[in-house]
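The lines below spell out each chain.
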Amino acid sequence: GTSYVLIVDRAGAEQILKVAPQAIALWIYTKSIEDLRNRLINRSADEEQSIIHRLNCARHEISCEVVAPLFKYHVLNHEFDRALEDIIAIVKKELS
């Protein structure tokens with residue numbers, strides 16, 4: 001069969017899981033909001049208001065995930081190579 005990778009926020013994941021409960025829900029997160037803030041600033045792709053909005057959304061989504069977990073897997077994206085290894089291991093496990 002064919003597999004797809006979709007990058008969505010929590011609301012998108014909820015919608016996908018309603019119609020495809022067999023989907024693999026994977027949450028990729030940073031060490032902290034401060035780490036996320038630094039990454040967004042260093043990327044120089046967003047205006048300050050956009051960064052503030054994204055951080056507020058992240059705080060909300062983190063709170064929701066703590067209160068009502070939705071994602072089957074959680075991967076810390078602190079070191080890219082390690083995060084990639086973790087994701088590959090999850091996909092291999094789920095597809096085997």
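Quick note: structure is the one above.
Below is a short write-up of the structure. Fair warning: this is a prediction, and the values are worked out from it, not measured in the lab. (Residues numbered from 1 in each chain as written. Predicted model: local features only at pLDDT ≥ 70, side-chain atom pairs only at ≥ 80, totals over all residues. Heavy atoms only, no water.)

### Some details on helix α3 (residues 48-67)
Between its terminal C-alpha atoms α3 stretches 29 Å, which fits the 28 Å expected from 20 residues at 1.5 Å a residue. Ile 51, Leu 55, Ala 58 and Glu 65 are the residues of α3 that are buried. Along the axis of α3, the buried positions cluster into a sector of 90°, meaning they face one direction only. Opposite the buried face of α3, at more than 90 degrees from it, the exposed residues are Gln 49, His 53, His 60 and Val 67. (Helix = DSSP H or I, 4+ residues; strand = E, 2+ residues; numbered from the N terminus. Expected span 1.5 Å × (residues − 1). Buried < 20%, exposed > 50% of the residue type's maximum accessible area, 1.4 Å probe, protein only. Arc of directions from axis to C-beta.)

### As for the environment of Arg 59
Tracing the backbone shows Arg 59 in helix α3. Judged by its relative accessible area of 41%, Arg 59 falls in the partly exposed class. The spacing of Arg 59 and Ser 32 is 27 residues in sequence and 9.8 Å in space, taken between C-alpha atoms.

### Some thoughts on the side chain of Glu 65
Inspection of the secondary structure puts Glu 65 in helix α3. Within the local environment of Glu 65, its side chain forms a polar contact with the side chain of His 74, the two groups lying 2.8 Å apart. The contacts of Glu 65, once residues within four sequence positions are left out, are Arg 10, Trp 27, Leu 70, Phe 71 and His 74. (Polar contact = N/O pair within 3.5 Å; in protein donor to acceptor, adjacent residues only side chain to side chain. Contact = heavy atoms within 4.5 Å.)

So far we have only geometry, and geometry alone does not tell us how the molecule works.
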